[in-house]
Amino acid sequence: MVAVALTRDEHTAADLRRFAAACRDAAAARRMLALALVLEGLPRAVAAETCGMDRQTLRDWVHRYNAEGVSGLSNRKEGVGRKPLLTADQVEVVAELVRTGPDLASHGVVRWRRADLAAVIEQRFGVRPDVRTVGKLLRRLGFRRLSVRPRHPGHDAAAQEAHKKNFAALVAAAIPEHARGKPIELWWQDEARVGQQGTLTRIWAAKGSRPPAPRDQRYRWAYLFGAVCPARGTGAGLVLPLANGAAMTLHLAEISRLVAPGAHAVVTLDGAGWHQTGGKLRVPDNVSLLPLPPYSPELNPVENVWQYLRQNQLSNRVFEAYEAIVDACCTAWNALTDDPARITSIATRDWAQVTV
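Here we summarise the structure given alongside this text.

**Quick word on the nonpolar core**
Then, in step 1: Formed by 35 residues in total, the largest nonpolar core has its most connected members in Val-228, Val-305, Trp-306, Leu-309 and Trp-333.
Then, in step 2: Elements with a minimum of two residues in this core: α10 (167-174), β1 (184-195), β2 (221-229), α12 (302-314), α13 (322-337) and α14 (340-347).
Then, in step 3: Sort the elements by how many residues they give to this core and α13 lands first, with eight residues.
Then, in step 4: Sequence-distant contacts of Trp-333, defined by excluding residues within four places in its chain, comprise Leu-224, Gly-226, Ala-227, Val-228, Gly-235, Ala-236, Gly-237, Val-305, Trp-306 and Leu-309.
Then, in step 5: If you look at the next biggest cluster of nonpolar residues, it comprises 23 residues, including Leu-16, Ala-29, Cys-51 and Trp-61.

Right, here's the structure in full:
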C-alpha cells in the first residue's frame, strides 16, 4: 500500500501536538498525535499502532486532513434526522387530550390507550404514529400510567378551589373567642376501615405475570381513627370497633391531649355524620372543627396517610381475628408516629399555611 502524502504544510508536528493538548475530543486528539508522529518521520504502521488505530484508518484520516485541515479530524455531527411527525402545536393538542381524558360519545373509549391516541392523531393530523412512538411522546410530556382514585359525582371543583384559596380565613373564623391570641395548630382527621377482606397492593414481579396475594373473605373489621399535625410531625390515633359520635368524641379527646400546652387545634375533617356537633359528639375546649367541602377527600392529607399505611403495613395480609386487626392497626400507626419527618412529608400542603 502506497502511503498517502501529507499535502498540507501550514502546521508542524509541534502545532498538532499543541492542538491535541487543547482538544476536548479525545478521538480527534489521537488523530492529531498520529499525524504529528508521521510528520516527525515515524513509520505509518508504528504511528497508527501508537495512537490506537490500524494503518488503513490512519490513511483515511490523512485524506480528511489534506482536504479539511485540523477541523476534518473531528467526527462530523449527525444530520438533523427525520422530520418530527407532529408540530409543537399538534403535540400540545395531544397533551390536552390526555389531560382532559376521552369522551365516550365522541372517542368511544373511557381511557386512553396508546393505540387510541394513535388513531386520534391520524384522524386529526393525517399521520399514523406507531404505538411505541406514542408512548415515547407521552413520557416526554411527563405522563405516566397511574392508578386512579375514586371521585364522587357530586364533587364541586370550584368549592374546593375556594376552600384552598380562603383557607387562612376559614381557620380564623373557626377559632372561638377564648382561643384568640393563642398559638394555632393545624390538624387533619379521618377514619379508615381495616378488615379481614383487606386490600391488595402492587408488588414487583416478572413482566407479564399476575402474582397471587392472600385475601380473606370474612367480614370482621375495625376503624382506625387518625389525625396528624404536619407542622409538628405528630399524630393521634385510636382503633375502635365502630365509627359513630361516641367514638369520634374519644378521638377528639386524644387529639386534645396531644395539642401543645397553651395552643389551640383547628381540626379539618370531612362531613361524616359522626363529625357533626351536637348529639353524642363532644368537642374539647382546645379543639375547633373545620369541615371540608362535600365530597373532597383529595383535600385531606390523611387520605395519603391511609394510602401509605396500606401500601407498607396493612395490605396483602390475612387477619385471623378481630384482635389481629387491632394489633396490625396499632403497629402501623405507631410506626408512622415514630417517624415525624414522614408525617410532615406526606401531610404538608402548600395552600394549608396560616399565621393566626
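**As for the side chain of His-264**
Then, in step 1: Within the element layout of this structure, His-264 appears in strand β4 (residues 264-269).
Then, in step 2: Those residues within four positions of His-264 in sequence are excluded, and the remaining contacts are Pro-176, His-178, Ala-179, Pro-183, Ile-184, Glu-185, Val-259, Asp-285, Asn-286, Val-287 and Ser-288.

**Structural notes on the side chain of Ser-256**
Then, in step 1: Its location among the elements puts Ser-256 in helix α11 (residues 245-258).
Then, in step 2: With a relative accessible area of 17%, Ser-256 lands in the buried category.
Then, in step 3: Ignoring sequence-local partners within four residues, the contact set of Ser-256 consists of Pro-284, Asn-286 and Val-287.

**Let's talk about the packing of helix α5 (residues 88-100) against helix α7 (residues 114-125)**
Then, in step 1: Relative orientation of the contacting elements α5 and α7 amounts to 135°, with a least axis distance of 11 Å. In terms of orientation, α5 and α7 fall into the oblique class. Between α5 and α7 the crossing geometry is right-handed. Along the contact surface, α5 presents Gln-90, Val-93, Val-94, Leu-97 and Val-98, while α7 presents Leu-117, Val-120, Ile-121, Arg-124 and Phe-125.
Then, in step 2: Here the contact of α5 with α7 is composed, by residue class, of eight nonpolar, one polar and one charged.

Calculation criteria
Residues numbered from 1 in each chain as written. Predicted model: local features only at pLDDT ≥ 70, side-chain atom pairs only at ≥ 80, totals over all residues. Heavy atoms only, no water. Core = buried A, V, L, I, M, F, W, Y, C linked by side-chain atoms within 4.5 Å. Buried < 20%, exposed > 50% of the residue type's maximum accessible area, 1.4 Å probe, protein only. Helix = DSSP H or I, 4+ residues; strand = E, 2+ residues; numbered from the N terminus. Contact = heavy atoms within 4.5 Å. Axes fitted to C-alpha atoms, helices over the stretch in contact; angles between N-to-C directions. Parallel < 35°, antiparallel > 145°, perpendicular 65-115°, else oblique. Left-handed = near helix turned anticlockwise from the far one by under 90°. Nonpolar A, V, L, I, M, F, W, Y, C, P; charged D, E, K, R; others polar.

Taken by themselves, the reported measurements are silent on function.
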